[in-house]
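Chain and residue survey
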Amino acid sequence: MSEQKQEYVAEKEFVDEKLDIERSSVVLEEEENSPIPEVAAIVSNKDDPSTPVLTFRFWVMAVIFSIILSFFNQFFWFRSTPMTISTLVIQLLSYPFGKFMAAVLPAGRLNPGPFNIKEHVLVALTANCAGGTAYAVDIIVIQKVFYQQDFGFLANFLLILTTQMLGYGMAGVLRRYLVYPAAMIWPANLVQVALFNTLHQDEDLAPGQWSRFKFFLVATFAMFLYQWIPGFLFPVISSIAWICWIKPDNLVLSQITGAGGLGFGAISLDWNNIVSFLGSPLIVPWWAQVNIAIGFFLIAWVMVPIAYYTNLWEAKKFPILTPRLFQDNGNRYVVTKILTDNVLDEAKYEAYGPLRISTFFALTYGIGFAGLSSMITHTWLYH
């Protein structure tokens, strides 16, 4: 009887211990999950440490796509309307490439198994770090093209390297506040995470239900076909300034509603134009879109017209919207006339006169600098 009792107690302790482990794992998963519903629904809180990461496939694809992305984006950066390859394109191209390498490479160190999500994410991250255009390149190109100044490869390389490292350094210092806290949401990254999950995770689908990957392929193909219309076949639908049709010879109406003016009331059927002001309305939260839209409305369609038509800073001597520089009399400002050996000559500057910019750029520059200061003040007061 005592032996049966001991066995019963031992079995009960084992069952209790198993239940405690299951409960603790559930509690641990809940604690590690994000308190933000959007993040919890997209970002997994589970990890498999045995998944291979720094594989031969990763190094090959990371190097190839980094070279392609950096060259392409920098080469087309100098167009008036630059073409860029985003990380989304690399995500899409690297997936079939990784699957192909996993299928043809011999099993072993070169091919440790199926192409996995960790390799895919690292390839996209590496290419994204290399694919951005450094603003320091503009300095080097402007000095060489417009001022015939070339300080050599080493100096130019160090300029780009130091400016880029400054940005990475600031990101490293601020990651304690902008990355690690669970409340810090980066909506654009959630879209990329959702795409990774779509490509790699299996789904339990009802009969006749489309998978996320199938829906993505259909939407991509439809967008590819439609983009030929505003891009090549019928570009006029990219910006339809229909209000100008009321009286095409009216200067004020053209300045306010025209495609070359402030564009009030213009309609666009080109997705690239629609998303140009914030990247994508499908990513940015609604409250942020409203904030940006109100700011744009007040600046571009209220403040600028008032300043221009009240002739603030003699604004009517210049176009209402242009990036060019002007003299006081409205003629184009020739910068080379105030330089001596590519250095500012104060005597020539005094004789030639100060440079002037359009009212739109004057206001937006001023509000931009004010926004930087207000951002610091807002963060200090509310956070």
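These lines cover the structure that appears in this document, whether it is placed above or below. (Residues numbered from 1 in each chain as written. Predicted model: local features only at pLDDT ≥ 70, side-chain atom pairs only at ≥ 80, totals over all residues. Heavy atoms only, no water.)

1. A short note on the packing of aromatic side chains
In the structure shown here, the tally under the stated rule is 16 aromatic pairs. Here Phe-75 and Phe-76 contribute two aromatic rings whose centre-to-centre distance is 5.2 Å and whose plane-to-plane angle is 85°, an arrangement assigned as edge-to-face. Phe-75 sits in the exposed class, given a relative accessible area of 53%. Relative to Trp-301, the ring of Phe-264 has its centre 4.8 Å away and its plane inclined at 80°; by these criteria the two rings are edge-to-face. In this pair, Phe-264 sits in the loop between helix H10 (251-257) and helix H11 (271-274) while Trp-301 sits in helix H12 (residues 286-309), placing the two residues 37 residues apart along the sequence. Assessed through its relative accessible area of 26%, Trp-301 is described here as partly exposed. Members of the aromatic cluster, joined through ring pairs, are Phe-71, Phe-72, Phe-75 and Phe-76. (Phe/Tyr/Trp six-rings, centres within 6.5 Å; stacked < 30°, edge-to-face > 60°. Buried < 20%, exposed > 50% of the residue type's maximum accessible area, 1.4 Å probe, protein only. Helix = DSSP H or I, 4+ residues; strand = E, 2+ residues; numbered from the N terminus.)

2. Concerning the pattern of salt bridges
One pass over the full model with this rule turns up six salt bridges. Close ionic contact of Asp-47 with Lys-118 constitutes a salt bridge, the shortest N to O distance being 2.8 Å. With Asp-47 in the loop between helix H2 (37-42) and helix H3 (56-75) and Lys-118 in helix H5 (residues 117-131), this pair connects stretches of sequence that are 71 residues apart. One salt bridge connects Glu-119 with Arg-57, and the closest N-O pair in it is separated by 2.7 Å. You can see Glu-119 sitting in helix H5 and its partner Arg-57 sitting in helix H3, a full 62 residues away along the chain. (Salt bridge = Lys/Arg side-chain N within 4 Å of Asp/Glu carboxyl O.)

3. Looking at empty space enclosed by the protein
Under the criterion given, the structure shown has one cavity of 30 Å³ or more. With three residues, the single largest contributor to the lining of the largest cavity is helix H6 (residues 136-146). Here the lining of the largest cavity is built from residues that sort into two nonpolar, three polar and two charged. (1 Å grid on protein atoms, 1.4 Å probe; cavity = no way out; pocket = protein on both sides within 12 Å on 5 of 7 lines; lining within 4 Å. Points joined across faces, edges and corners; volume = space filled by probe spheres on them. Nonpolar A, V, L, I, M, F, W, Y, C, P; charged D, E, K, R; others polar.)

4. Looking at helix H8 (residues 187-200)
Over its 14 residues, H8 runs 20 Å from end to end, which matches the ideal 20 Å to within 8%, given 1.5 Å per residue. Residues of H8 that are buried sit in contact with H2, helix H4 (87-104), H5 and helix H9 (212-233). (Expected span 1.5 Å × (residues − 1). Contact = heavy atoms within 4.5 Å.)

5. Notes on the nonpolar core
Generally speaking, soluble globular proteins have nonpolar side chains that are buried together. If you look at the biggest cluster of nonpolar residues, it comprises 16 residues, and the most contacted ones within it are Met-61, Phe-65, Leu-69, Ile-90, Phe-115, Val-123 and Ala-127. Listed by contribution, the elements that provide at least two residues to this core are H3, H4, H5 and H8. When residues of this core are assigned to their parent elements, the largest contribution, five residues, is made by H3. Residues within four places of Phe-65 in sequence aside, it is in contact with Ile-90, Leu-93, Ser-94, Phe-97, Val-123 and Ala-127. (Core = buried A, V, L, I, M, F, W, Y, C linked by side-chain atoms within 4.5 Å.)

6. Overview of the layout of surface pockets
To locate leftover empty space, one rolls a probe as large as a water molecule over the atoms. If you add up the space inside the largest pocket, you get close to 2500 Å³. Along the walls of the largest pocket sit 43 residues, with Ser-86, Leu-88, Val-89, Trp-271 and Asn-272 positioned nearest its centre. Of all elements in the fold, only H4, H8, H9 and H11 reach the threshold of two or more residues within the lining of the largest pocket. With 12 residues, the single largest contributor to the lining of the largest pocket is H9. Each pocket or cavity is described by its volume, and for the second largest pocket that value is around 1200 Å³. Only H5 and H8 provide two or more residues apiece to the lining of the second largest pocket.

7. A short note on the side chain of Ser-66
Position of Ser-66 among the secondary structure elements: in helix H3. Looking at Ser-66, the relative accessible area reads 10%, which means it is buried. In terms of polar contacts, Ser-66 uses its side chain to reach the backbone carbonyl oxygen of Ala-62, at 2.6 Å. Non-local contacts of Ser-66, meaning those with residues more than four positions away in its chain, are made with Thr-126, Ala-127 and Ala-130. (Polar contact = N/O pair within 3.5 Å; in protein donor to acceptor, adjacent residues only side chain to side chain.)

8. Here's the deal with unusual backbone geometry
Residues other than glycine seldom take positive phi values, yet Gln-148 does so here, at roughly 50°. Classification of Gln-148 by relative accessible area gives exposed; the value is 61%.

9. Quick notes on the packing of H3 against H5
Look at H3 against H5: their axes get within 8 Å of each other, and the N-to-C directions meet at 30°. Taken together, H3 and H5 sit at an angle that is classed as roughly parallel. In this structure, the crossing between H3 and H5 has a hand that is right-handed. Along the contact surface, H3 presents Arg-57, Phe-58, Met-61, Ala-62, Phe-65, Ser-66, Leu-69, Ser-70 and Asn-73, while H5 presents Glu-119, Leu-122, Val-123, Thr-126, Ala-127, Asn-128, Ala-130 and Gly-131. Residues that form the contact of H3 with H5 fall into these classes: nine nonpolar, six polar and two charged. (Axes fitted to C-alpha atoms, helices over the stretch in contact; angles between N-to-C directions. Parallel < 35°, antiparallel > 145°, perpendicular 65-115°, else oblique. Left-handed = near helix turned anticlockwise from the far one by under 90°.)

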